[in-house]
Amino acid sequence: MTGRFKALLFGMALSLVALIVACDIGGDPPAVTEAPSWPDEWPAPPLPIMSLQHETGPVVGDPHAYCWQFEGAADRVCEEYDIWSGVYEYPQIASHQRIPVIVEAEDTPTRLFAQVYTRQGNLMVGSSRRLSAVNPKLDLALSPGEYNVRLIGYWQDNEVSYEFGLTVPGRAALIGGCDRTDIEAAPILSLKSLDDPMRTAADDANRAGCRFNKPIASVRLTLHSDSLGSYTETFRIDPPSITFPLPLADNVASQKTSGPLPAGEYSRSMVAITEEGEEWVLEAGVLERVIISAP
């Protein structure tokens, strides 16, 4: 049943995409007035179909996952596909736009949510958005860039999710974030010297990593004290990458400016920089105070 359903689901998605392409080749597509109809072979009860009503035609979602209690089955049937694996089209939208969500189902969903991620870097933009179950609309306020959108519908204990691509035209802004493991750490980072490999660590206990929607070419570390002086070290990420760990690897080349620094307490900042010079301050989960111990 699962394999048959998967083939049907993807077959319908491909057919609808082909219809959209055919309309585009032949001229302006007709106005969209209703969602696609159910295929005769759909398993019962039929799984919901979700799509977006774009000005150029329906944007058909790529099936991502479902857990459904089919009639006659002892347990729910669940299937999950690779995230964003079937999202190939990224139609353009305005930076602020309300997009009608078409839900074709036997019953109105009990809950409906939307999640938005950057296409490059897979960074979640904002938090999950709850949509109205009746005549839902996706309210978007996005900066330029390419985005992946996931719609998740719940019917009591059953759930289905679909994925879509959207583009806001223009130059994308740099977006990033850092995560770390959840280990209790000291409130200040202690360093033995300016060569201590922990100088770029988030703290003294946690592993951490940062992710961006654009490749990062360098990371600038700055230690500063009004009374003790300042120190800057710029690490080169070669080749540029959308991810890097904290602390940075020992073999990452760097250029040092100023220093040495006497023992004492300093503020610390770390900034990720793209090849074009865009900057992102690493803040979340990264300690801002360090102590350099006496030799």
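Here the structure is a predicted model, which is why all the values come from computation and not from measurement.

Visitor: Could you clarify how one ought to interpret the overall build of the protein in this entry?
Guide: What the protein contains, in helices and strands, is 1 helix and 18 strands. Accessible surface for the protein amounts to roughly 15500 Å². Of this, 50% is attributable to carbon and sulfur atoms.

Visitor: What am I meant to see in the sheet that holds strand E9 (residues 145-155) here?
Guide: For sheets, the rule is that strands pair by backbone hydrogen bonds, running either parallel or antiparallel. Taking strand neighbours across the sheet as the criterion, the 6 strands line up as E4-E3-E10-E9-E6-E7 in an open arrangement whose pairing is antiparallel. With one partner strand each, in any of the chains shown, strand E4 (77-80) and strand E7 (129-130) form the two edges of the open sheet. Note: strand E6 (residues 111-118) against E7, 2 bridges, orientation antiparallel. For Ala114, the partnering residue across the bridge sits in E7 and is Arg129.

Visitor: For this particular structure, what's the right way to read the packing of aromatic side chains?
Guide: Two aromatic rings, taken as a pair, are described by how far apart their centres are and by the angle between their planes. Here the structure, examined in full by the defined rule, presents 5 aromatic pairs. Arranged with centres 6.3 Å apart and planes meeting at 80°, the rings of Tyr66 and Phe70 form a pair that is edge-to-face. Sitting over the ring of Tyr154, Arg111 keeps its end group 4.3 Å from the ring centre.

Visitor: In this structure, what is going on with the sheet that holds strand E5 (residues 96-104)? I would like to understand it.
Guide: Taken together, 4 strands build an open sheet; the order of strands is E2-E1-E5-E8 and the sheet is antiparallel. Of all the strands in the sheet, just strand E2 (57-60) and strand E8 (137-141) have a single pairing partner and so form its edges. Each strand axis lies, on average, 35° off the axis of its neighbour in the sheet, ignoring direction. As paired strands, strand E1 (residues 49-54) and E2 are joined by 4 bridges and run antiparallel to one another. Residue pairing for E2: Leu52 is matched across the bridge by Val59.

What counts, and at which threshold
Residues numbered from 1 in each chain as written. Predicted model: local features only at pLDDT ≥ 70, side-chain atom pairs only at ≥ 80, totals over all residues. Heavy atoms only, no water. Helix = DSSP H or I, 4+ residues; strand = E, 2+ residues; numbered from the N terminus. Areas by Shrake-Rupley, 256 points an atom, 1.4 Å probe, with all protein chains shown as cover. Pairing = 2+ DSSP bridges. Phe/Tyr/Trp six-rings, centres within 6.5 Å; stacked < 30°, edge-to-face > 60°. Lys NZ or Arg CZ within 6 Å of the ring centre and 35° of its normal. Axes fitted to C-alpha atoms, helices over the stretch in contact; angles between N-to-C directions.

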